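Chain by chain, the residues run as shown.
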Amino acid sequence: MHPNTQTIHTPVLLSAVLKCLAPHRGESYLDVTAGYGGHATAVCQQTEAPERMTLVDRDATAIAALQPLADKGAALMHADFLTASQSLAEKGDQYDMILADLGVSSLHLDSPERGFSFRAKGPLDMRMDSRNQLTAATIVNEYDEQALVEILRHNGEEPRAKKIAAMIAARRPFADTLELADAIAEIIPKKGKIHPATRTFQALRIAVNDELGQLENSLDLWLSLLTPGGRLGVISFHSLEDRIVKQVFAKVSGERYDADFRLVTKKPVVGDDTEIVFNPRSRSAKLRVVAKIKNTERERQYANPRKK
Ligand SMILES: C[S@@+](CC[C@H](N)C(=O)[O-])C[C@H]1O[C@@H](n2cnc3c(N)ncnc32)[C@H](O)[C@@H]1O
């Protein structure tokens, strides 16, 4: 692992991930949001098969931090996970375990120059992949007011979407993150500890990185990339993501006799109090896991239909 990344980014729900994905020696692993390799390193300790790991991230800094795992044999893919998963599916690859730990890393939020945080001055950027064209500045300073309202409502569930969009349209251009955050704080009263710009920044980030589109279009691909008996885990951080995952997992694992998948987690796994104290990012994390049913499992089910 890259120096310092263990302290910079602590993998969320690590013990639950290991329990639900249950890595066995020699199994293959696809991490579509490998980040700083926290989950991947822990999985690798159990599989002892770095050469059977594929690690995807759209962020160049994360890819550089994953080099130690690549040196041991892991394949690295610097791409968004939709593009990466499409190309793995085209090649016919299959994995025993797939993990998606969605969203940004602590390092993104703690690097003002990336523009993700409203707490420090930085450019209105928010791109996870700096090779992409679209930045938050383009959306904030160029999109028409109605498009801004829709982004704030759809991606941020912001109840004051209209008011914020009208203010942005009237006062732009905005030069940096603090200027935008302060302008929002001027018109929206602070509620408790939550900064009034929180939902706007989340909405912009999701739009810049097409986060919901990426997830919606990738879930079926991930299911198709599983080996029989393979496990797919998704960690989400807000209700918009979790809803998408929950619906797809419920659809494919339904009570049908011929369902191809079964829910490993009937309810989402969340962090316990200790984890939340040591890793505040886990406060809103939810892990859902499905497994692809093996033919032998199905045959047993037919022989003894009451047993689940
Ligand atoms: C929460 S961090 C993952 C941390 C990782 N599980 C660990 O233990 O170090 C999320 C990572 O996913 C990447 N990411 C988010 N969305 C992505 C996407 N659509 N395609 C590829 N990478 C993505 C981000 O760049 C970030 O590095």
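These numbers come from a predicted model, not from an experiment.

### Concerning the packing of aromatic side chains
Tallied over the full model, the rule gives two aromatic pairs. Ring geometry for Phe-81 versus Trp-222: centroids 4.9 Å apart, planes at 70 degrees, classification edge-to-face. Pair noted here: Phe-81 is in helix α6 (residues 81-91) and Trp-222 is in helix α13 (residues 211-224), with a separation of 141 residues, a long-range link. Classification of Phe-81 as buried rests on a relative accessible area of 11%. Of the residues examined, Trp-222 reaches a relative accessible area of 0% and is grouped as buried. Taking the centre distance of 5.4 Å and the plane angle of 85 degrees together, the rings of Phe-118 and Phe-201 count as edge-to-face.

### Focus: the pattern of salt bridges
Evaluation of the coordinates by the stated rule reveals twelve salt bridges. A salt bridge links Arg-243 to Glu-157; the shortest N-O distance between them is 3.3 Å. Remark: Glu-157 occurs in the loop between α9 (145-156) and α10 (161-171) and Arg-243 occurs in helix α14 (residues 239-253); sequence separation between them is 86 residues. For Arg-243, a relative accessible area of 42% corresponds to the partly exposed category. Take Glu-157: its relative accessible area is 35%, and that puts it in the partly exposed class. As a salt-bridge pair, Arg-205 and Glu-211 come within 2.7 Å of each other at their nearest N and O atoms. Taken individually, Arg-205 and Glu-211 each receive the classification buried, so the pair is uniform in this respect.

### A look at the side chain of Arg-58
Counting through the fold element by element, Arg-58 comes out in the loop between β2 (53-57) and α4 (60-65). Despite its burial, Arg-58 pairs with no opposite charge; the closest candidate is Asp-80, at 4.6 Å N-O. Filtering out sequence-adjacent residues up to four positions away, Arg-58 remains in contact with His-78, Ala-79, Asp-80, Met-128, Asp-129, Asn-132, Asn-209 and Gln-214.

### Observations concerning the site of the ligand
Neighbouring the ligand are 25 residues; His-39, Asp-57, Phe-81, Asp-101 and Arg-281 lie closest to it. Separating an oxygen atom of the ligand from a side-chain N or O atom of Asp-57 is a distance of 2.7 Å. Interatomic distance of 3.2 Å between a backbone N/O atom of Arg-58 and a nitrogen atom of the ligand. For the ligand, the protein covers 99% of the area, taking 600 Å² as the surface of the free molecule. Each residue belonging to the shell around the ligand can be placed in one class, and the counts come to nine nonpolar, ten polar and six charged.

### Notes on the domain arrangement of the protein
Under the domain assignment used here, the protein contains domain 1 (5-106 + 213-303) and domain 2 (133-208). For domain 1 and domain 2, the distance between their C-alpha centres works out to 31 Å. Tallying the contact residues gives six residues for domain 1 and seven residues for domain 2. Carbon and sulfur atoms make up 53% of the surface buried where domain 1 meets domain 2, a total of about 430 Å² over both sides. A per-residue breakdown of the area domain 1 buries against domain 2 is headed by Val-104, His-238 and Leu-240, which together make up 78% of the total. For the pair domain 1 and domain 2, the number of links is one salt bridge. Viewed at the interface, domain 2 and domain 1 are joined by two residue pairs in polar contact (both at pLDDT 80 or more).

### A short note on the side chain of Asp-129
Mapped onto the elements of the fold, Asp-129 is located in the loop between α7 (106-109) and α8 (136-142). Side chain to side chain, Asp-129 and Arg-131 meet in a polar contact 2.7 Å long. Not counting residues up to four positions away in its chain, the partners in contact with Asp-129 are Arg-58, His-78 and Asn-209.

### Here's the deal with the pairing of strand β8 (residues 286-292)
Burial analysis of β8 places five of its seven residues in the buried class, the great majority of the element. As paired elements, strand β5 (residues 226-236) and β8 share six bridges and run antiparallel to each other. Across the sheet, residue Ile-235 finds its bridge partner in β8, namely Leu-287. Both strand β6 (residues 261-263) and β8 contribute to a ladder of three bridges, which runs antiparallel. If you follow Arg-262 over to β8, its bridge partner there is Ala-291. In this sheet, β8 lies alongside strand β7 (residues 269-270) in antiparallel orientation, the contact comprising two bridges. Bridging from a neighbouring strand, Val-270 pairs with Lys-286 of β8.

About the criteria used
Residues numbered from 1 in each chain as written. Predicted model: local features only at pLDDT ≥ 70, side-chain atom pairs only at ≥ 80, totals over all residues. Heavy atoms only, no water. Phe/Tyr/Trp six-rings, centres within 6.5 Å; stacked < 30°, edge-to-face > 60°. Helix = DSSP H or I, 4+ residues; strand = E, 2+ residues; numbered from the N terminus. Buried < 20%, exposed > 50% of the residue type's maximum accessible area, 1.4 Å probe, protein only. Salt bridge = Lys/Arg side-chain N within 4 Å of Asp/Glu carboxyl O. Lys, Arg positive; Asp, Glu negative; His and termini not counted. Contact = heavy atoms within 4.5 Å. Near = heavy atom within 4 Å. Polar contact = N/O pair within 3.5 Å; in protein donor to acceptor, adjacent residues only side chain to side chain. Areas by Shrake-Rupley, 256 points an atom, 1.4 Å probe, with all protein chains shown as cover. Nonpolar A, V, L, I, M, F, W, Y, C, P; charged D, E, K, R; others polar. Domains from an automatic or database assignment. Buried area = accessible area lost by both parts, 1.4 Å probe. Pairing = 2+ DSSP bridges.

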